Amino acid sequence: MIRILRSRIQYTIILPYLLLMIIVMLVGSGIAMTLVAGSWQERFNNQLGQVARNFAETFALREISNIAYLGQIAFTAANADTGAPAVVDAIAQRDEDGLALTLRGLWTLGQSNENVAPDRLIIFDPTGLALLDWERAPGSDAPVRYVGTNLAGSPLIENVLRGVQTPIGAGDVLGDKYSGLIAFHQPDGSDVLHFFTVAPIYARSNNNQPPQLLGGLLVAQRLDRTLAFLQERSQTALTVLLNSDGTLLATTAPVSFLPVLRLDPAQLALLAEINERGTCLDIGNLSGRVVTPVERANLPACSLLTTARVGDYEYQLVYAPLIIRGAQSGYFAVGLSRDFILSAWASSRNAVLGVTATLALAAVLVGYWVARRITRPLDELVAVADAVSAGQLDRRSVIAEENELGRLSLAFNQMTAHLLHLYQTSRQLNRELRIESILQIATASAADLLPQIEAIAVVPAPDGWQFRLRPNAPKSYAALTSRRLTTLAMPGEALLTPYADSNLTAIGIASALAISLQQDQPTIGGLIFAHPESDAFPTSVLPHLQAIANMTAVALVNALLYESAQYDAEQRRAILASISDGVIVSDARGRIVLLNPTAQQMLQPVLPVNGELHLHLRQLPLNGSEARSELFGQPDQMIRIGDRFLTISRSPVRLADDKLSGEVIVLHDITASIQIDRAKTDFIATISHELRTPLTIVRGYTDLLLRQAIPASDAEQREMLEQIRQSTVQMTHLVNNAIMVANLDSGQVETNLQAIELAPIVEAALHPLYAAFRERGVQVTLALPEDLPLVLADRELLKQALSQLLDNARRYVPQGRVLISAGIAGSDVWVAVSDTGPGIPEDVIGRLFTRFQRVDGNNSAQRGSGLGLAIARQLIELQGGTIAVTSIPGQGSTFTIRLRCAKEQSRAVAGQQPMAN
């Protein structure tokens, strides 16, 4: 028997605690029987029932006293000694003063009656208008009189005025008196609830005629005073009156009690249900059991008995319908403190605590003894488990028990040994990315389970599938590396499955298990465990071999991906190395992650000499400058590094979710093109300078011949000389423009910005062209305000730009008008040249200020070379200004120059912004 008990741990735990449980049950039952035998709760329930009955009876007595008091008033006769009239007569005659005289003594009499003690006395006529309205004055029994009170509209008052009888039960009638709750509006703006009783006043002239309604009498007591009186009489601890929806009307309880005194919808529904059935428990006959949260009681109708805790106090409450004159007017509740019951428990507390402490001590001692029997081996197992989880996989348990803990220790040691083996294999596999090394580790690990086993991989090859072996594989297996599989018949599941292949059979393999290598479901290879013996894989080693196969398969997939990535990287490096342009790749933070050899060669002068590894884009001068040669169409942006001129092309690199992951920058060497462009510019400048000298001589001699050598009568010769002079002028103008273009492209044009007046510059540019405008019949008008501010410009460059615009107007306006105007626009000064020429087509305006752009359709001799407007734009932009054009075909064009004011200040605009003519 002892051996059986020691062999099962459940017996070691159950038997001691079963004995302890029996002792606890016996002692607890004795204590429960002792407590139930007491009559404390029964006595308390009876006391609460009596309090509720007292409350209901006292409330009913107040209603009866009110009716008696109203009858006393109604039947008061005249007093000859005092001259007070009878109440009925005074009401019939609407004698308010007589009523006051008659009721003075009755008011005092009512105040002395504690069952009446009126707070409000009202006598009203058949319309509900008060003939007399008295209210008890604060701190005194003397009445305060109100005038103009109107009770019409109150339901019970209307019943009295209409002579409606009060029904109750099945056909019974209580009479024409009514009682209920009413709110009176106070002078301070508040409403105060009152309990009131109202009765009609009738007068009968003779017995043959029906009585005549003269009005009514109403006596009312403040509800708070009434509750205080009822609480005192019924000896309750607290009193509550509630509305029909469970909300509070009045209470004698403190404000902190209010939230727990209301009736919730569930309690209201229960009250309605048990009152409808009418089968209720008598609260006075309850047995002494502890009250439940809500139970039914009969007092005087069906009631709810409940408990409520407020702060440190617990109260027992009874809720019942408030019946006034046979009609329910809400609910009332009375309550007593449960300190009475708690004090009874306190009398036996010491004994209960002593027994409880003894039992607790016994439980602790027995529990400790039982726990130690269990926790000693468990502590050993936990310590070993913690050591294993911390990485000490060679730790073993030394428990030698014969029960379940001993078997658990043995199984734990076996599991830890296997886990150590798998862990070591996993660590070795995770460190390798070469297929041959992974196969070496897998073979060594599997050989611990099954000697002579060999791990073989099947991987993709350009012409099919090839076998891969570990370096120390048996020599007979080496023939596999030269063979290829056209198709791969591997199992689709990640489980070791028997595998047969003629190539394996040919080298002496009799048994084989295979598992597929998968990446996102597609099979990318296979792993084979081969053995030279038939049926070499017993069932006991399959789970362990499966675990090794799973880890090896993952490692092989990673190795295949690594080989593929390495191959792709080598290809990309070879491609980038063969590109003649420089390629820079950066990540999203601007750090350079790739520079091809061409880029390194181009950036050699600016690369860090210390070979810094973490190079950033901001360390490279990759911001291009405006260096466009518009004459020969060189690129807009370029940078210069050493003796090289490079163009930059930048493109963001975005992932599939449109997230920016970096940037690719391509550098193109245009040094040769820049040198050719400069050679062309220098050639044009040289040729232009060489042409200007003979042209000047030709123009001078032609002017001399026109003035002196040719007679005025020889018109044909003069016309020929004039054509020569005009052609010479045009050629000189073209040469000057070509020289200016060359100077602009080579950066030889220097600016000297200063504050100058605009009007003299305009007149200086216009003066040489006055004669040409007159010859063509063109009217030139200057509209320059006198108070124009100084502009920030270069005097000579501004004059040349204006000359280009005016010369353009001279060429393209055969007749009509040219207007030169100016004005202020914000912090800028504008000057405009408007003409009435043929205008410019809309599709030409966008490229009008580029070189060699001319308006089609004008083939006259005065047609320009297409350089004037481009030169004007560059000259204005060198001075920090802008130039624009607006035009309406057939009506004219307006060229507007905007320059900065020498001093930015608010000025009255002297002119208007130019508009298209």
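Keep in mind that what you see is a predicted model, and the values were worked out from it rather than measured. Each chain carries its own residue numbering, running from 1 in the direction its sequence is written. For this predicted model, a pLDDT threshold of at least 70 governs which residues receive local features, and a threshold of 80 or more governs which side-chain atom pairs are given and counted, while totals over whole chains, interfaces and linings are taken from all residues. Side-chain figures throughout are based on the complete set of non-hydrogen atoms in the structure, without hydrogens or water.

1. Focus on the environment of Thr671
Note the threshold: Going along the chain from the N terminus, every DSSP run of H or I of four or more residues is numbered as a helix, and every run of E of two or more is numbered as a strand. Only protein chains enter the accessibility calculation, which uses a 1.4 Å probe; a residue whose area is less than 20% of its type maximum is buried, one above 50% is exposed, and one in between is partly exposed. Whether two residues touch is decided by their heavy atoms; if any such pair falls within 4.5 Å, the residues are in contact.
Relative to the helices and strands, Thr671 resides in helix 17 (residues 671-709). Accessibility expressed as a relative area gives 12% for Thr671, which makes it buried. In this structure the C-alpha to C-alpha distance between Thr671 and Thr647, which are 24 residues apart in sequence, comes to 9.6 Å. Those residues within four positions of Thr671 in sequence are excluded, and the remaining contacts are Asp643, Arg644 and Phe645.

2. Considerations on the sheet that holds strand 16 (residues 464-468)
Heads up, the condition is: For two strands to count as paired, DSSP must find a minimum of two bridges between them. Angular values range over 0 to 180 degrees, each being the angle between N-to-C directions of two axes fitted as lines to C-alpha atoms, with helices fitted over their stretch in contact.
Reading across the sheet, the 6 strands line up as 17-16-15-20-19-18 and stay open at both edges, with antiparallel pairing between neighbours. Of all the strands in the sheet, just strand 17 (484-485) and strand 18 (497-498) have a single pairing partner and so form its edges. Here 8 bridges tie strand 19 (residues 511-518) to strand 20 (residues 523-531), and the two strands are oriented antiparallel to one another. Counterpart to Gln518 in the pairing with strand 20 is Thr523. Sitting on the sheet, helix 13 (residues 435-447) is in contact with strand 15 (454-461), strand 16 and strand 20, with an inclination near 155° to strand 15. In the packing of helix 15 (residues 542-578) onto the sheet, contacts are made with strand 15, strand 16, strand 19 and strand 20, and the angle to strand 19 comes to roughly 45°.

3. A look at the pattern of salt bridges
So the rule is basically this: The rule for a salt bridge is simple: a side-chain nitrogen of Lys or Arg has to be within 4 Å of a carboxyl oxygen of Asp or Glu.
In this structure the tally under the stated criterion is 20 salt bridges. A salt bridge links Arg162 to Glu158; its shortest N-O distance comes to 3.8 Å. In this pair, Arg162 and Glu158 are both assigned in helix 6 (residues 155-162), 4 residues apart and thus about one turn of the helix distant. Of the residues examined, Arg162 reaches a relative accessible area of 55% and is grouped as exposed. On the basis of relative accessible area, Glu158 is assigned to the partly exposed category, the value being 22%. The residue Arg810 makes a salt bridge to Asp807 at a minimum N-O spacing of 2.8 Å. One end of the pair is Arg810 and the other is Asp807, both in helix 21 (residues 795-812) and 3 residues apart, which spans about a single turn. The same class applies to Arg810 as to Asp807, namely buried.

4. Considering helix 5 (residues 96-112)
The test is simple: To estimate how far a helix should reach, multiply one less than its number of residues by 1.5 Å. Bend, at a single residue, is the angle you get between axes fitted to the 7 residues ending at that residue and the 7 residues starting at it. We define a polar contact as two N or O atoms separated by no more than 3.5 Å, with the added condition that, inside protein, one atom must be a possible hydrogen donor and the other a possible acceptor, whereas residues neighbouring each other in sequence contribute only through side-chain atom pairs.
End to end, helix 5 covers 24 Å across 17 residues, agreeing with the expected 24 Å (1.5 Å per residue, within 8%). Along its length, helix 5 reaches its greatest deviation from straightness, about 40°, at Leu103. Residues of helix 5 that are buried: Gly98, Leu99, Ala100, Thr102, Leu103, Leu106, Trp107, Gly110 and Gln111. The N-terminus of helix 5 is capped by Asp95, whose side-chain oxygen sits 3.5 Å from the backbone nitrogen of Asp97.

5. Some words on the sheet that holds strand 28 (residues 778-783)
Sheet strands pair via backbone hydrogen bonds, and the direction of the pair is either parallel or antiparallel. Pairing is mixed across the open sheet formed by 5 strands, whose spatial order is 28-30-31-33-32. The open sheet is flanked by strand 28 and strand 32 (882-888), the only strands paired with a single partner. Here the strands of the sheet are splayed against their neighbours by 15° on average, with no regard to which way each runs. Relative to strand 30 (residues 816-825), strand 28 runs parallel, the two being bridged by 6 bridges. By the bridge assignment for strand 30, Val780 is matched with Val818. The sheet strands contacting helix 19 (residues 758-766) are strand 28, strand 30 and strand 31 (828-835), and the helix crosses strand 28 at an angle near 165°.

6. Some thoughts on the confidence of the model for the chain
What counts is decided by this rule: A residue's pLDDT is the confidence the predictor assigns to it, expressed on a 0 to 100 scale.
Residues with a pLDDT of 70 or more make up 77% of the chain, whose mean pLDDT is 77. Mean pLDDT across the secondary structure elements of the chain bottoms out at strand 11 (residues 294-298), with 45, and peaks at strand 1 (residues 120-124), with 93. Below a pLDDT of 50 lies the segment residues 281-300, which in the model reaches 64 contacts outside its immediate sequence neighbourhood of four places, other chains included. Counting contacts from residues 626-636, a segment whose pLDDT is below 50, to residues more than four positions away or on other chains yields 31 contacts.

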